[in-house]
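Structure at a glance
Here is what each chain is made of, one letter per residue.
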Amino acid sequence: MSLAGAVRGAVSATTAGPEESVRAMAAGPAAGLPTREHPRGNEPIRTLLEAPVESGPVRAVRRPSGLVHGYDGSLAVPLAQDRPVVIANFATALDGAVAMDRDGRTSGGDVSGFSPTDRFVMGLLRAVADTVIVGAGTVRGSSGRAWTPEAVCPTHSEDYAELRRDLGLARQATTLIVTATGDLDPGLPALVRPRAPTIVAGPAAAIARLRAAGLPDEIVMRTIGEDGGLGSEGLAALLADLGGRVALFEGGPRLFGAFLAANLVDELFLTLAPQLVGRSDRAPRLALVEESVLWPELPRWAELRSVRSAGSHLLLRYRLRERDRSSSAP
Ligand SMILES: NC(=O)c1ccc[n+]([C@@H]2O[C@H](COP(=O)([O-])OP(=O)(O)OC[C@H]3O[C@@H](n4cnc5c(N)ncnc54)[C@H](OP(=O)(O)O)[C@@H]3O)[C@@H](O)[C@H]2O)c1
């Protein structure tokens, strides 16, 4: 960074209020903050705890060796007999923030420190999934073009492709975007010539709005649920409709709240990034779960399944939903 750039960054970090800081971030990060070019969390993964693989069918990564070595072991996702399992993946700061602002001016990278290790795991989870589910808020805030493994970790793209071939999966997982209102600009990067099969699902009025807006023909639109959003039954019906065996939920926190309230999340992969970001009324952060009250009526306790470290980043894996009895038969 040039001296002038460093000074500008230092000034915005020290004199600007929180909102101004976030605005400045959108224009260019302050000095000292990690960036894609200067990330944090690039250390190799070390396994600290691994619970034994649960009995019953699993989708497992046993090769190629680059992925097994990178993950410091095999990844096995327990499957269910009659529905896709939902595994969620988030990065959070130590004080619980998953987004630095409410409208996507900053990205998940700002939370993880653009950790290459976190991105490797994101790629691995995308590579084992039949579907990647995202909420419309995440799509509106994303400058990315695709929820594919290579989009997030290009250095392992060959390994991911080989894994999908080994597992007999389609070349790319289908991206499912969920909306209640249909407020999606067809010019959004992810909607222009999508790089993976893409479905947008929402109630009739939302789909009518999207049709009128002129989404590209290759995007499949699926009408489901009541106006105002999908309740538990609608989300469960959507999952059943998707087919496949593994759905990866990639956010954001509002749609996650709806999935949790419906008890549809089997596992949570949580990267805990070693930074504290703070919050105030003027600088609201989004927490892992938003707009859904779970405690005390819908308590969601988790069982720790694995702990990995990558330097000071922790990669935690939790089971959230008991395994269906029918799926534990060998
Ligand atoms: N750190 C991380 O790991 C991570 C991961 C993902 C996202 N994020 C961040 O999270 C922020 C976005 O948060 P968000 O909560 O707005 O994202 P979101 O959950 O992706 O999107 C919320 C939107 O999803 C739709 N939606 C939610 N519940 C629904 C339901 N029950 N039925 C139908 N549609 C439903 C609505 O879309 P409409 O408004 O279109 O009706 C709602 O406004 C971004 O800054 C993003 O970077 C962080």
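Here we summarise the structure given alongside this text. Note that this is a predicted model, so its numbers are computed, not measured.

What sets the pattern is the α-helix's 3.6 residues per turn: residues three or four places apart point alike. Within helix α8 (residues 157–167), burial applies to Asp159, Tyr160 and Leu163. In an axial view of α8, the angular spread of the buried residues amounts to 100 degrees, which keeps them on one side of the axis. α8 presents Glu158 and Arg165 as exposed residues on the side facing more than 90 degrees away from its buried surface. Structurally, α8 contributes buried residues whose contacts are with β2 (58–61), α3 (65–71), α5 (116–127) and α7 (149–152).

Here we come to the sheet that holds strand β11 (residues 267–273). On the basis of which strands lie adjacent, the open sheet formed by 10 strands has the order β1-β13-β14-β11-β4-β10-β6-β7-β8-β9 and mixed pairing. Only two strands of the sheet have a single partner each, and these edge strands are β1 (46–50) and β9 (220–223). Neighbour-to-neighbour, the strand axes of the sheet open up by a mean angle of 20 degrees, direction not taken into account. Note that β1 and strand β13 (residues 303–310) share four bridges and pair antiparallel. Across the sheet, residue Thr47 finds its bridge partner in β13, namely Arg308. Running over the sheet, helix α10 (residues 232–242) touches β4 (85–93), β6 (131–135), β7 (174–178), β8 (198–202) and β10 (246–249) and is turned about 130 degrees from β10.

A few words on the site of the ligand. Around the ligand sit 31 residues, and of these Gly135, Gly137, Gly251, Gly252 and Arg254 come closest. Listed by contribution, the elements that provide at least two residues to the shell around the ligand are β4, β5 (97–99), α4 (108–112), β6, α6 (136–141) and α11 (253–261). Here the residues of the shell around the ligand are counted per class, giving 14 nonpolar, 13 polar and four charged.

Inspection of the secondary structure assignment puts Glu226 in the loop between β9 and α10. C-beta crowding within 10 Å serves as the criterion here: with 13 such atoms nearby, Glu226 is assigned to the partly exposed category. Each C-alpha atom of the pair Glu226 and Gly202 lies 8.3 Å from the other, and the pair is 24 residues apart in sequence.

Basis of the calculations
Residues numbered from 1 in each chain as written. Predicted model: local features only at pLDDT ≥ 70, side-chain atom pairs only at ≥ 80, totals over all residues. Buried ≥ 20, exposed ≤ 12 C-beta atoms within 10 Å, placed from the backbone. Helix = DSSP H or I, 4+ residues; strand = E, 2+ residues; numbered from the N terminus. Arc of directions from axis to C-beta. Contact = placed C-beta atoms within 7 Å. Pairing = 2+ DSSP bridges. Axes fitted to C-alpha atoms, helices over the stretch in contact; angles between N-to-C directions. Near = placed C-beta within 6 Å. Nonpolar A, V, L, I, M, F, W, Y, C, P; charged D, E, K, R; others polar.

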